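What follows is the residue order along each chain.
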Amino acid sequence: MTELTLFNSLTRQLEPFRPIHDGEARVYSCGPTVYNYPHIGNMRAYVFADLLGRTLSWRGYRLTHVINITDVGHLTDDADAGEDKMERMAAARAQSIWDIARHYTEAYWADIRALNIREPAHWSIATDYIDAMIDFAASIEAKHCYRLKGGLYFDVSTVADYGRLARAHTEEGEGRIEAVAGKRNAADFAIWRTTPAGETRQMEWDSPWGRGAPGWHLECSVMSGKLLGFPFDIHTGGIDHREIHHPNEIAQNQAFCGCGSLTDPVNSGARMWLHNNFLVERGGKMSKSAGEFLRVPLLVERGYHPLAYRLMCLQAHYRSELEFSWEALGAALTRLKRLVMAIAALQERAPDAGWAAWTRAAAQAQDWGKLQPAMDRFDAALADDLGTPVALTALEEVLATKKVDPALKLAAATAMDGVLGLDLGRLTRADLRLRPSSAAIGEDEITALLGQRREARAAKDFAASDALRDRLTEAGVEAMDGDPLGWEWRL
Ligand code: AMP
Ligand code: ZN
């Protein structure tokens, strides 16, 4: 296998992955703030984290992956200003925060399943760790924090190299942050926010700094350290976190561990910091403040299988910006159909062993014979900072290689899909044909009309055949004669 190299945002370099604990990989991914539904851009971050986890598993590391659920503390401004996103949504909906959190966590998990993202070892829920957060804050208070009316603040000048991850100097933080009277440095941030006198929050806890709630950055430091131990291997998040959230986590980790300069990345609490670039959309459909925004269930409503979106993500490198369009999603769906049909054709020709057997064969295979060059290309592509665009072409190369035992091809494809996560063994053509919820005609009816049309054509009754076609067209169904993918209709 080619050595795995990953782009470390902290050093801005490609670096070999060297596990801190032999044979293990410990990964923490910043999870969603559950005040609203995730948009598909948010889900790109978890497709990426899942790809990383699957790649590490495939290379034989025992993976411990943690994704947190932020149900308290994330303000409307990432830095240190604004209102708590959860409190604000709860007030707007006149619902309890706990109900809001439960509802949106469930919705997030449904998207996770739809995109075939593997469950992490731990879903850590921020409000389960309040005591640990208070202990953490208390342990760094004397050397690194000061009190203001609003709570306990972290003094960023007390740690070495603050802001290195963002490549920003602390002074540049001026103006970015709503002025808080008494702050020593513009970039200082609250690690505990005390509830103002005379107010109550739905979510608040007693602490040495008064009744209040933890800061968002504190949560991730505490949960990652508790569940993975400092230092751990890899911390992930979207590229926006490189600016504020992760530099603040790093500062807290340095304080907690008594670590010095970030010239040695491991002093940051994790050896590598990986960030996925954004999914962008020109029409503003990704903004959660817009009425209808792009969510996984919306793709399904429009007739696109969620795994077409996963494939769309994998077609781009995770560090490249990716532009969303329905045309691009449609193209990814067609590509996914071709993959699924190639696998189905192989399954017909191979002895009836089933996907589980191919998976076992894949795990045991030593010699890929004629498929070896494609396997090597796949491995090298992923080893090169998770190069999925090339890895996908290596999968297609396997499927296109002629004169190879279908069972061997299936074993190779399963091995590859273990990393790509397109669920190729389970998906069928029929799964990929979703009916947009706006369609006025049912699948049974379409099949019946198409059947009658076939009979009419066989009887050379072209008038009847055309009439049936017109009926289908009126219902928004296009009959697809001679479609290269063998599809009979589309809506
Ligand atoms: P949030 O729930 O806002 O904390 O975001 C969850 C995750 O999604 C974080 O890792 C963000 O960095 C990431 N993220 C937010 N917007 C996008 C986007 N448009 N494309 C990719 N990732 C994003
Ligand atoms: Zn985080």
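**Notes on the packing of helix α9 (residues 326–349) against helix α12 (residues 388–400)**
Next, step 1: At a minimum axis separation of 11 Å, α9 and α12 run at an interaxial angle of 35°. The hand of the α9/α12 crossing is left-handed. For the pair α9 and α12, the contacting residues are Arg-335, Leu-339, Ala-342, Ile-343 and Leu-346 in the first and Leu-392, Thr-393, Leu-395, Glu-396 and Leu-399 in the second.
Next, step 2: Looking at the contact of α9 with α12, its residues break down into 7 nonpolar, 1 polar and 2 charged.

**A short note on the coordination of the zinc ion (ligand 2)**
Reference values for coordination geometry: four tetrahedral donors around a metal ideally subtend 109.5 degrees, six octahedral donors ideally subtend 90 or 180 degrees.
Next, step 1: The zinc ion (ligand 2) binds to the protein through Cys-30 (SG), Cys-220 (SG) and His-245 (NE2); the donor distances cover 2.1 Å.
Next, step 2: If you list the donors of the zinc ion (ligand 2) from N- to C-terminus, the spacing comes out as C-x189-C-x24-H. Of this pair, Cys-30 sits in the loop between β3 (24–29) and α1 (40–58) while Cys-220 sits in helix α5 (residues 216–228), and the two are 190 residues apart along the sequence.
Next, step 3: Given a relative accessible area of 7%, Cys-30 falls into the buried group.

**Here we look at the pattern of salt bridges**
Close approach of charged atoms lets side chains of opposite charge pair.
Next, step 1: Counted under the stated rule, the structure contains 20 salt bridges.
Next, step 2: Here Arg-18 and Glu-3 are joined by a salt bridge, their closest N and O atoms 3.0 Å apart. You can see Arg-18 sitting in the loop between β2 (13–16) and β3 and its partner Glu-3 sitting in the segment before β1 (5–8), a full 15 residues away along the chain.
Next, step 3: Between Glu-397 and Arg-377 there is a salt bridge, and its shortest N-O distance comes to 2.6 Å. With a gap of 20 residues between them, Glu-397 in helix α12 and Arg-377 in helix α11 (residues 372–383) connect regions that are remote in the sequence.
Next, step 4: Using a relative accessible area of 35% as the deciding quantity, one classes Arg-377 as partly exposed.

Conventions and cut-offs
- Residues numbered from 1 in each chain as written.
- Chains lettered and ligands numbered in written order.
- Predicted model: local features only at pLDDT ≥ 70, side-chain atom pairs only at ≥ 80, totals over all residues.
- Heavy atoms only, no water.
- Axes fitted to C-alpha atoms, helices over the stretch in contact; angles between N-to-C directions.
- Helix = DSSP H or I, 4+ residues; strand = E, 2+ residues; numbered from the N terminus.
- Left-handed = near helix turned anticlockwise from the far one by under 90°.
- Contact = heavy atoms within 4.5 Å.
- Nonpolar A, V, L, I, M, F, W, Y, C, P; charged D, E, K, R; others polar.
- Donors = N, O, S within 2.8 Å, 3.2 Å for Na, K, Ca; no water.
- Buried < 20%, exposed > 50% of the residue type's maximum accessible area, 1.4 Å probe, protein only.
- Salt bridge = Lys/Arg side-chain N within 4 Å of Asp/Glu carboxyl O.

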